[in-house]
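# Working through the structure, step by step
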Amino acid sequence: MFDEFKESFVKFITSRAVMVCGVLIVLASIMIYRLFSLQIISGEYYLDSFKLRIKKEKSIPAARGNIYDRNGNILAYNELANSVTIEDVYKSGAGKNKRINETLNNLIDIIEKNGDSVDQDFDIIINDSGNYEFTVEGNSLLRFLADVYGHASINDLKYEEKTKSATEVVDDLCKSFGIGSNEVEDDNSTFTPRLGYTPDRALKILTVRFNMSANSFQKYIDTTVASDVSDKTVADVMENAEILTGVSINESTARKYVDSVYFSQVLGYTGKVSEEELSELLLTNSSYGINDTVGKSGIEQAMESVLQGKKGSETVYVDNTGQVIETSNYVDSVAGNDVYLTIDKDLTEACYNIIEQSLAGILVSKIQNVKTYTYTSTSSSSNIVIPIYDVYFAMFDNDVININHLSASDAKDNEKAVYAAFLEKNENVLAQIRTELTEKETSYDKLSKEYQWYMSHIAAMLYSKGILDTSKVDREDEMYIAWTTEETISLAEYLKYAIAMNWIDVSKLEIDNQYADSEQIFNQIVNFTIKVLEKDFDFQTRMYKYLLLDGYISGTQVCEVLLEQEAVTLDETELSLWQRGGETAYSFMINRIEKLDITPAQLALDPCTGSMVITDVNTGDVLALVSYPGYDNNMMANGVDAAYYSKLRSDKSNPLYNYATQQKTAPGSTFKMVSSTAGLNEGVIGLDSIIYCGGIFDKLDHPPRCWIYPRGHGGLNVSGGIRNSCNVFFYEVGYRLGIQGDKYYSDLGLEKLAKYADLYGLTEKSGIEIAESEPQVSNQDSVRSAIGQGNQAYTTVGLARYVTTVANSGTCYNLTLIDKTTDSGGNLLEENSAEIRSTIEMPDSYWNAIHLGMRQVVQDKAYYNNLGVNVAGKTGTAQESSNRPNHSLFVCYAPYEKPEIAIATRIANGYTSSYAAQITKDALVYYFDLLDEDEIISGTAQTLQDGAINAD
């Protein structure tokens with residue numbers, strides 16, 4: 001009985017205990033639920049109804065300020081846009097790299113399928129040869145390498161890191177980020193960088209991974225993959241969100257430039273801040289971050305502190321998939337301030353178009369229906385002609401014809417025929433090069449022009465690849481001289497000698513045996529050379545020149561390929577004529593150039609570039625700063641378009657180069673107003689001084705001549721010296737400036753010339769806010785320097801400041817591009833004006849003599865007759881190479897009686913200064929509204945008069 005009671009009691013107690021435990025568990029669960037519902041937190045993680053919440057402090061970018069011209073015309077602004085971003089929400093451990101790379105690969109497929117592009121703000125691109133190439137050099141390259149290899153300073157870089165090739169850097173990073181695969185499955189020791197990816201796709205994934213790693217020290221920071229994407233990309237990314245872990249669509253702004261090609265060199269563009277730029281910006285503004293967009297060049301860079309607004313912020317809560325659950329603590333951003341330039345938009349565009357159509361006119365006048373032109377020692381640079389076959393080759397050489405498409409599956413008949421001719425030529429040339437190196441060893445001077453080019457190209461390639469070690473090569477060695485200067489030995493002989501002299505870096509070659517003999521090393525160099533040439537785009541492109549000259553490709557085929565690739569189009573009348581055989585290939589090409597279907601920049605034949613700067617002589621404002629050719633900076637902002645950037649870098653006309661602010665040449669006879677000022681103020685000539693020109697200056701051992709030789713100008717005063725641009729007159733001035741006692745000292749003359757060059761601002765940069773080359777004052781030969789020769793060199797904008805000072809009789813400004821700044825509401829913040837740098841104090845009679853000479857220069861030019869405004873100016877030519885046309889220069893001001901503007905124009909390799917003067921005349925006609933715009937800017941090649949070729 002007791003046992004039964006005991007058993008019943010135990011069951012009762014047990015059931016009650018279980019009940020109590022159950023109640024306790026339920027109560028505990030309720031308490032935990034309520035605690036988390038009340039958002040009791042640890043760190044940045046929350047549980048709300050058992051749902052993970054991640055807290056993120058989000059920075060809100062500020063809208064960048066706008067840029068306007070002096071008249072309020074907008075030049076740069078922002079548009080609302082969408083960006084694709086990725087955040088590193090991936091679990092650490094084995095397989096993380098693979099998962100991120102797979103996501104990026106899928107994401108890039110979506111982006112590119114819709115015609116958008118991945119941001120590639122990385123300092124490595126793929127060049128035309130399909131090889132990786134650095135886009136920076138010098139300290140910028142070292143800074144980039146320091147970032148890649150995790151060093152705080154470039155001084156910490158190891159030698160092997162400093163000397164890495166672009167390909168080696170890519171492979172190192174691909175290994176680090178797991179971009180590639182194992183040759184043997186599950187065997188990490190066989191991992192091969194980039195295996196399974198095209199070079200292009202590997203670089204794109206690598207770029208994003210590198211940027212993600214730069215953000216890794218900040219939790220939950222997005223990395224931009226693509227900017228300013230289409231609505232279709234937005235929809236596709238959202239639709240595939242489940243397989244695109246960490247990927248989001250963010251609202252942002254895209255920087256836009258109006259009529260970009262005209263203003264790209266002035267405005268520059270924006271882009272993602274680099275580590276180097278960030279370090280500099282943080283010195284003055286601690287709010288900058290690694291993901292910020294900043295000005296990379298031009299006004300965008302110079303006025304960064306004004307244009308960059310103030311960031312906002314907000315707290316964002318997201319779930320573990322990155323979806324936003326809640327936002328709070330919103331602080332709005334403050335838009336950047338606006339910048340108004342001194343530039344006149346319409347004037348700038350007109351001058352750019354005038355330069356382009358004038359260059360086309362010069363080219364048309366110089367192109368002849370011949371295969372070649374041979375320059376001899378008796379040839380004049382003013383008479384150099386352009387063979388039509390150079391024009392045909394230019395279509396290949398400057399990428400007007402897409403060479404890669406010749407072998408495409410959808411290539412058309414003429415494309416296929418041209419490519420077939422190339423393949424046969426390529427095979428023969430490579431075989432012949434191998435034979436030359438290993439058997440024939442023909443001395444350089446006995447080779448054909450074609451094979452001389454190939455051998456020079458090979459030698460340059462071996463130096464650039466480090467096979468020939470420049471640090472070891474003895475430039476005084478007889479064999480080096482025989483190869484480089486005397487050209488009496490073969491490349492093979494030179495390479496064998498270099499091996500013997502230990503000038504070869506064998507570590508760059510695939511030689512297993514470190515004790516390889518000279519023959520093995522040489523054979524490996526030959527094999528290396530052939531292997532490189534097989535993929536060398538420049539080498540392969542050059543073959544089209546000889547295919548044309550040897551008749552394997554015809555001019556007609558070149559024209560047909562242009563039509564097949566739709567590089568040019570014809571109106572119905574001309575197309576019908578062409579198809580009937582009624583138009584020759586020569587006429588076809590001339591018509592394309594005349595109609596600007598093919599521009600001077602695309603031809604990239606002399607002359608293909610130009611610059612012009614127009615100033616207000618009474619304020620120092622720059623009204624136009626023109627560099628031809630320009631580029632589309634819309635393609636450089638909002639994430640660099642890598643293909644476009646690569647094309648710009650390889651473009652023979654170098655559109656990334658600002659010809660108005662960076663190109664320096666001798667000023668030629670435009671310098672003669674400086675020499676006049678020096679002569680008058682130093683007392684070596686007076687207003688009544690007469691110097692006789694008999695065509696030659698005979699006071700030096702090697703007598704220089706006047707341009708008019710064998711004739712002479714006779715007796716001239718200073719105004720006549722300027723008017724006639726008499727070299728002998730100014731040789732004498734330069735000579736007298738160097739006289740001390742009864743002896744001539746060139747350095748003394750140079751010192752005095754430099755003194756007055758400085759007063760005109762020619763010893764310093766012009767003062768404009770964007771990047772500019774330093775001027776170079778002559779320190780050689782005061783006699784020749786007095787006519788603008790010697791070794792002096794100035795930018796176009798520097799010459800513009802100089803002629804501005806002449807025009808206003810002695811006030812030298814630090815020129816400016818900035819008119820004013822306002823806030824985003826249009827309220828004035830700061831008025832800007834050019835500062836006076838220096839003044840030239842001299843009698844009015846001296847100024848009058850100089851001005852009169854300049855006025856007479858223009859009066860003697862028939863094309864300035866009846867212009868409607870009186871102009872004073874000075875022409876100049878500058879020879880840089882004996883086998884290329886001279887540079888053409890003209891400086892002027894107008895009106896002569898009461899100057900308003902000054903202009904400096906330079907046409908590099910422009911034959912004669914008369915061309916620069918005529919181009920400037922059209923700019924003056926536009927500025928003073930002397931003709932209707934369509935009479936000045938025709939949109940077709942402008943025929944120019946030859947004028948007096950040497951009269952400057």
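Up top is the structure these notes are about.
Residues numbered from 1 in each chain as written. Predicted model: local features only at pLDDT ≥ 70, side-chain atom pairs only at ≥ 80, totals over all residues. Heavy atoms only, no water.

## Some thoughts on the overall build of the protein chain
What counts is decided by this rule: A helix here means a DSSP run of H or I that spans at least four residues, while a strand means a run of E at least two residues long, and both kinds are numbered starting from the N terminus. Buried means the residue's accessible area, taken with a 1.4 Å probe over protein chains only, is under 20% of the maximum for its type, while exposed means over 50%, and partly exposed covers the values in between. Residues are treated as being in contact if the distance between any of their heavy atoms lies within 4.5 Å. His residues and chain termini do not enter the charge count, which takes Lys and Arg as positive and Asp and Glu as negative. For charged residues, the charge sits on one atom: NZ in Lys, CZ in Arg, CG in Asp, CD in Glu.
When helices and strands are counted, the protein chain shows 33 helices and 30 strands. C-alpha atoms of the protein chain, sized along the principal axes, occupy 155 × 75 × 70 Å. Out of the 952 residues in the protein chain, the part that is buried amounts to 52%. Sequence-distant contacts, at least 24 apart, represent 68% of the contacts inside the protein chain between residues at least 6 apart. Distance from the positive charge centre (80 side chains) to the negative charge centre (134 side chains) of the protein chain: 2 Å.

## Remarks on the nonpolar core
Rule in force here: Side-chain atoms within 4.5 Å link the members of a nonpolar core, which is a set of buried Ala, Val, Leu, Ile, Met, Phe, Trp, Tyr and Cys residues.
Membership of the largest hydrophobic core comes to 217 residues, with the highest contact counts inside it found for Leu341, Met395, Ile433, Tyr544, Met589 and Leu625. Broken down by element, the residue count for this core peaks at 11 residues, all from helix α12 (residues 345–366). Leaving out residues up to four positions away in the same chain, Leu625 has contacts with Val266, Ile343, Thr348, Met612, Val613, Asn658, Ala660, Thr661, Ile768, Val797 and Leu817. Counting 43 residues, the second-largest nonpolar core is a separate cluster that includes Ile100, Phe144, Leu244 and Val247.

## A few points about the sheet that holds strand β19 (residues 622–628)
In plain terms, the rule: For two strands to be treated as a pair, DSSP must find no fewer than two bridges joining them. Axes, fitted as lines to C-alpha atoms, cover a helix only where it is in contact. Angles between the N-to-C directions of the axes lie from 0 to 180 degrees.
Taken together, five strands build an open sheet; the order of strands is β19-β18-β30-β29-β28 and the sheet is antiparallel. Each having just a single partner strand, β19 and β28 (872–878) make up the two edges of the open sheet. Across this sheet, the average inter-strand angle for adjacent strands is 10°, counted without regard to direction. Strand direction decides the pairing type here: strand β29 (residues 887–894) and strand β30 (residues 901–907), joined by seven bridges, are antiparallel. Note that in β30 the partner of Ser888 across the bridge is Ile907. With respect to the sheet, α12 is in contact with β18 (610–616), β19 and β30, its orientation differing from that of β19 by roughly 35°. Those strands touched by helix α32 (residues 913–927) are β18, β19, β28, β29 and β30, and its axis lies near 35° from that of β29.

## Details of the pattern of salt bridges
Under the convention used in this document: One speaks of a salt bridge when a side-chain nitrogen belonging to Lys or Arg is within 4 Å of a carboxyl oxygen belonging to Asp or Glu.
Within the structure shown, the criterion is met by 41 salt bridges. The partner of Glu732 in a salt bridge is Arg736, and the shortest N-O contact between them spans 2.7 Å. Placement of the pair is Glu732 and Arg736 together in helix α27 (residues 727–737), with a separation of four residues, close to one helical turn. Residues participating in the shared-partner salt-bridge network are Asp109, Glu112, Asp200, Arg201 and Lys204.

## Examining the layout of surface pockets
Which entries qualify depends on this criterion: Using a grid of 1 Å spacing that covers the protein atoms alone, one calls a set of points a cavity when a 1.4 Å probe fits there but cannot get out, and a pocket when the set is open and has protein on both sides within 12 Å along at least five of seven lines; lining residues are those with an atom within 4 Å of a point. Grid points are joined across faces, edges and corners, and a volume is the space filled by probe spheres set on the points. Classification used: nonpolar for Ala, Val, Leu, Ile, Met, Phe, Trp, Tyr, Cys and Pro, charged for Asp, Glu, Lys and Arg, polar for all others including Gly.
Its boundaries defined by the atoms lining it, the second largest pocket holds a volume of some 1,300 Å³. Lining the second largest pocket are 42 residues; nearest its centre among them are Asp390, Leu605, Asp606, Asn883 and Arg884. Listing elements by their share of the lining of the second largest pocket, those giving two or more residues are β17 (386–387), α13 (388–397), α15 (449–464) and α19 (537–549). Considered class by class, the residues forming the lining of the second largest pocket number 21 nonpolar, 10 polar and 11 charged.

## Let's talk about a negative patch on the surface
Defined as follows: A patch is a set of surface residues, each over 30% in relative accessible area and not in a salt bridge, joined within 9 Å for like charges and within 5 Å for the nonpolar side chains Val, Leu, Ile, Met, Phe, Trp and Tyr. Using the Shrake-Rupley algorithm and a 1.4 Å probe, accessible areas are obtained, with residue cover drawn only from the displayed protein chains.
Negative charge collects at one region of the surface, where Asp346, Asp929, Asp932, Glu933, Asp934 and Glu935 lie side by side. Of all the elements, helix α33 (residues 933–936) adds the most residues to the negative patch, at three residues. Tracing the backbone through its elements, the reader meets Asp934 in helix α33.

## Some points on the side chain of Asn398
Rules: Polar contact is defined as a pair of N or O atoms within 3.5 Å, subject to the rule that within protein one atom must be able to donate a hydrogen and the other to accept it, and that residues adjacent in sequence are counted only when both atoms are side-chain atoms.
Its location among the elements puts Asn398 in the loop between α13 and α14 (413–440). There is a polar contact of 3.2 Å between the side chain of Asn398 and the side chain of Asp651. Ignoring any residue separated from it by four or fewer positions in sequence, one finds Asn398 in contact with Ala601, Gln602, Ala604, Lys647, Ser650, Asp651 and Lys652.

## Focus: helix α16 (residues 478–486)
The following threshold applies: This arc is built from the directions going out from the helix axis to the C-beta atoms.
For α16, every residue scored as buried is listed here: Tyr480, Ala482 and Trp483. One face of α16 carries all of its buried residues, which in axial projection span an arc of 165°. Residues of α16 that are exposed and point more than 90 degrees away from the buried face comprise Glu478 and Thr485. Where α16 is buried, its residues meet α15 and α17 (491–500). Structurally, the start of α16 carries an N-cap: the backbone nitrogen of Met479 is 2.8 Å from a side-chain oxygen of Asp477.

## Some remarks on the packing of aromatic side chains
How we decide: Whether two aromatic rings pair depends on their centres lying within 6.5 Å, for rings of Phe, Tyr and Trp, where Trp uses its six-membered ring; planes under 30 degrees apart make the pair stacked, over 60 edge-to-face, and the rest tilted.
Tallied over the entire structure, the rule returns 33 aromatic pairs. Centre to centre, the rings of Phe122 and Phe210 are 5.3 Å apart; their planes meet at 65°, and the pair counts as edge-to-face. Pair noted here: Phe122 is in the loop between α2 (96–113) and β5 (124–126) and Phe210 is in helix α6 (residues 199–214), with a separation of 88 residues, a long-range link. By the burial criterion, Phe122 is buried, and Phe210 matches it.

## What about the packing of α16 against α17?
Let me state the cut-off plainly: Any angle from 65 to 115 degrees is called roughly perpendicular, while one under 35 is roughly parallel, one over 145 is roughly antiparallel, and all others are oblique. In a left-handed crossing the near helix is turned counterclockwise from the far helix by less than a right angle, and in a right-handed crossing that turn is clockwise.
For the pair α16 and α17, interaxial distance at closest approach is 10 Å and the crossing angle is 150°. One element, α16, and the other, α17, form an angle in the roughly antiparallel class. Judged by the twist between their axes, the crossing of α16 over α17 is left-handed. Residues Met479, Tyr480 and Trp483 of α16 touch α17, and the partners they reach there are Leu491, Glu493, Tyr494 and Tyr497.

## Structural notes on helix α28 (residues 746–759)
Just so we agree on the cut-off: By definition here, a helix of n residues has an expected span of 1.5 Å times n minus one.
Its 14 residues place the ends of α28 20 Å apart at the C-alpha level, agreeing with the 20 Å of an ideal helix rising 1.5 Å per residue. Taken together, the buried positions of α28 are occupied by Leu748, Gly749, Leu750, Lys752, Leu753, Tyr756 and Ala757. Residues of α28 that are buried in the fold lie against α25 (672–681), α27, β22 (739–740) and α29 (782–785).

## Some remarks on the pairing of β29
Strand residues, when the strand is regular, have side chains that alternate between the two faces of the sheet. Within β29, eight of the eight residues are buried, which leaves the element mostly enclosed by the surrounding structure. On β29, burial covers both faces: His887, Leu889, Val891 and Tyr893 on one face and Ser888, Phe890, Cys892 and Ala894 on the other are all buried. Here β28 runs beside β29; their pairing, made up of seven bridges, is antiparallel. Paired with Gly876 across the bridge in β29 is Leu889. Once β29 ends, the chain turns through six residues before running back antiparallel as β30.

## Some remarks on the packing of α13 against α19
Between α13 and α19, the shortest axis-to-axis distance is 9 Å and the interhelical angle comes to 150°. Judged by the inter-axis angle, α13 sits roughly antiparallel to α19. Regarding α13 and α19, the two cross each other, and that crossing is right-handed. Judged by residue contacts, Tyr389, Asp390, Tyr392, Phe393, Phe396 and Asp397 of α13 engage Thr541, Arg542, Tyr544, Lys545, Leu548 and Leu549 from α19. For the contact of α13 with α19, the per-class residue count stands at seven nonpolar, one polar and four charged.

## Some points on unusual backbone geometry
Peptide bonds are mostly trans, and most non-glycine residues show a negative phi. The step from Tyr628 to Pro629 runs through a cis peptide bond, and the omega angle for that step is 0°. Positionally, Pro629 belongs in the loop between β19 and α24 (642–650). Ala894 connects to Pro895 through a cis peptide bond whose omega is -15°. Here Pro895 shows up in the loop between β29 and β30. Phi is positive for Asp781, close to 60°, though the residue is something other than glycine. By the element assignment, Asp781 lies in the loop between α28 and α29. Within the chain, Asp929 stands out as a residue other than glycine whose phi angle is a positive 55°. Structurally, the position occupied by Asp929 is in the loop between α32 and α33.

## Side note on the side chain of His457
Examined against the element boundaries, His457 turns out to sit in helix α15. In this structure, His457 is in contact with Leu533, Asp536, Asp538 and Phe539, ignoring residues within four places of it in sequence.

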